[in-house]
Amino acid sequence: MDAIEIHARRSWVPIRWGDEIPQISESARLELRGFTNGEDFWLGPLAAKADQLGEFKIRSQDNHKLKGHLGYVEVMRQSGHVVGEFEIVPDKMSETNYQALRSVLEQVWAGLLFDPEGVSGLSAQLPSPVDLWKHIEQPLREIAAEPRSVLARGVDAKRLEAIRRPAELTASVLRASAALFAGADTQRPGRGNVLVRDVNIPENALVAETLRRLVIYARRTPSGADVATRAQRLLRSYPFSACSWYHGDIATAHARIRHDPRYQRVEQVRQVLEGPQSFATEGPGDARLGVKGISRLYEYWVFLQVLIACEQKYGAPIKPGFDVLGSHTTAGVTRLEIPENTTVDFNGNIHVAFEPRIDSAGTGWQNLENVPHPEPNLAQTAIKPDVAVLRLGVDPAAVIFDAKYVNRHWVEREAAKIHARYSRVRIDGKPLVRQVFAAHPHPGIDFVWAGYGSIPMIPGQPVDLTKFLL
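To keep things clear, this report deals only with the structure shown in the data block. Note that the structure is predicted; figures quoted are calculated from it, not measured.

What follows is about helix 6 (residues 225–235). Buried within helix 6 are the following residues: Val-227, Ala-228, Ala-231, Gln-232, Leu-234 and Leu-235. The buried residues of helix 6 occupy one face: seen down the axis, they fall within an arc of 160°. Opposite the buried face of helix 6, at more than 90 degrees from it, the exposed residues are Ala-225 and Arg-233. Each element contacted by the buried residues of helix 6 is listed here: helix 3 (129–145) and helix 5 (202–219).

In this structure the tally under the stated criterion is 10 aromatic pairs. Each ring, one from Phe-41 and one from Phe-56, has its centre 5.3 Å from the other, and the planes form 90°; the classification is edge-to-face. Taken as a pair, Phe-41 in strand 5 (residues 40–43) and Phe-56 in strand 7 (residues 55–59) lie far apart in primary sequence, 15 residues in all. The residues Phe-41 and Phe-56 share a single accessibility class, namely buried. Plain terms: the ring middles of Phe-303 and Phe-354 are 5.3 Å apart, the flat faces sit at 45° to each other, and that makes the pair tilted. Here Phe-303 is found in helix 9 (residues 294–314), whereas its partner Phe-354 is found in strand 16 (residues 350–354), with 51 residues between them in sequence. Across the pair, Phe-354 and Phe-303 agree in class, each one buried. One aromatic cluster is present, built from ring pairs that chain together Phe-35, Phe-41 and Phe-56. The positively charged end of Arg-421 is found above the aromatic ring belonging to Tyr-422, 5.8 Å away from the centroid.

Strand order in the open sheet formed by four strands is 2-1-4-7, with antiparallel pairing between adjacent strands. Among the strands making up the open sheet, the edge pair consists of strand 2 (11–14) and strand 7. Averaged over all pairs of adjacent strands, the angle between strand axes in this sheet comes to 25°, irrespective of strand direction. Sheet analysis places strand 1 (residues 5–8) next to strand 2, joined by four bridges and oriented antiparallel. Counted as the bridge partner of Ile-6 is Val-13 from strand 2.

Attention now moves to the pairing of strand 7. Here strand 7 shows a clear split, with Phe-56 and Ile-58 buried on one side and none of Glu-55, Lys-57 and Arg-59 buried on the other. Bridge analysis of strand 4 (residues 29–33) against strand 7 gives five bridges, and the strand direction is antiparallel. Each bridged residue has a counterpart across the sheet, and for Arg-33 the counterpart in strand 7 is Glu-55.

Below, the discussion takes up helix 8 (residues 261–272). With 12 residues, helix 8 extends 17 Å from end C-alpha to end C-alpha; this agrees with the ideal 16 Å at 1.5 Å per step. Taken together, the buried positions of helix 8 are occupied by Arg-262, Tyr-263, Val-266, Glu-267, Val-269 and Arg-270. Mapping the buried residues of helix 8 onto a view down its axis gives an arc of 160°, with all of them on the same face.

What counts and what doesn't
Residues numbered from 1 in each chain as written. Predicted model: local features only at pLDDT ≥ 70, side-chain atom pairs only at ≥ 80, totals over all residues. Heavy atoms only, no water. Buried < 20%, exposed > 50% of the residue type's maximum accessible area, 1.4 Å probe, protein only. Helix = DSSP H or I, 4+ residues; strand = E, 2+ residues; numbered from the N terminus. Arc of directions from axis to C-beta. Contact = heavy atoms within 4.5 Å. Phe/Tyr/Trp six-rings, centres within 6.5 Å; stacked < 30°, edge-to-face > 60°. Lys NZ or Arg CZ within 6 Å of the ring centre and 35° of its normal. Pairing = 2+ DSSP bridges. Axes fitted to C-alpha atoms, helices over the stretch in contact; angles between N-to-C directions. Expected span 1.5 Å × (residues − 1).

In C-alpha cells:
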C-alpha cells in the first residue's frame, strides 16, 4: 500500500505511526497525496475524497469541521486502516484567543498564589489598563515637561575663558586652553565641572516603576496593548529613561511628593498595581512560544479552574497548598510553573494533580495502576491525563479532566477517545475512575454520558465544576 504524504514545511512528508508527526499551520493549505483514484477517506470526523490523481487539497479555515481545530488529526483510509496522524498548530489566526487566554490564566494563577481568598473577585478588583492610563496621562505629560530635579555636579564642555568659579576648573580645561583649533584663534574646550539638574531622584524613579508595572499589567490584558506601547515609549524617553538604574529607596519619595499633585496621581496608580493580579511574575515558560503555546496554556487554565472548584467544595488546601504552582527567584520574581505530577492536597484525603504519570506497573503517581485497553489501537502502558482528582481512603475514587482545545465538531469524538484512554485505572486491584470529562472552549456542548462527557470551559466566562467533583 502506497504511503500517504502531507505537504509540510515546503516538502512532502510521509504520515505513518512511529515517525515524527508532521505539523502544518492552521491557516496553511492542507495537501495530501498517495490515495487511489477517487478514494474515500477520513480526516478525523471529516469525510473526504481524493481526486483522480489520488490527491486532496483544502484550506482548513474554509471547512467548518477543521476551522479553529488545533491538535492531532488521524488519517484513515477507505479500508478502515488508520495510517497515522498529523498536527495542526496555531498561528496568527488564533492571536486574539491567545491574548484573552493568557490574560485570564495569569490573573487566576497570580490570584491563587498571592491571594487565595480573593480568587473570585480578581477581575473586578483591578481597573482596566485604559482607565489607569487615563488617570495619569495628563500628570505624566506635565512631569515629562517639567520634572522634579536636584542640583548636582556634572561634567560638560568648558573653555578657560568661561570659567567663573574655581570649582569649575579642571586639568582637562587647562590642557585644552594651551591648544588652538586649526586655523582659528579660539581655545579648544575641555571637560569642566558644571552644575546640572539631576532627574535621577526618588520621585521620578517612582514614576518609572509605575510605568513598568503598568506595562506588565497591560500586556496581560486583551484591551491593554495600546496602553503598554504608550507606557513603554514614555519609559524610554526623558526624564524616566534616566531612572532605569536607580538603586535608592523610592519609598523616600512619599514625603517629597506630598504637595505635588502630579506625582500623587501617579502614586495612586502604583498602589493599585501592587495587588496580586499585577505582581511581577515570569512565565509560564510555554508563553514564550506565543500563540503556538495556546493549547498548553489552556491545559494550565483548566487545571487552575479545577483547583478553584476543589477549594469551593473541600475548603482551603493543605500546606503547602497553592505555593506549589510557582517558585521564587533570587531576583524577587515569582516564576509560574506547573511540572507534571504537581499535586495540591485538600481535606478529606483529596489529591488534585496536573499531568500525573500512571503506568501499568503501579509505580507512578500515588501508585495507581493503568490497565491497557484490550483494543490494540487504544492500548497504552502509561498514561498522563491533564488533571486527576483522586480520593483515597475507604472508598477510593477518581475523576479525570482533559483539556481539548479543538473544533466543536471534534469534541464528542475526543471525549470518547479520552474515556477509552483514561478510564481503566485501578488501585489495589479495584477500578477507580468514576468519570472522564473533556474540557473544551465551546458553548452548548455539555453532554454527560455513562462514565464520560464534555464540559464547556471558556476562558473569561464563569464555570461551575463543583457538581462534577467527587
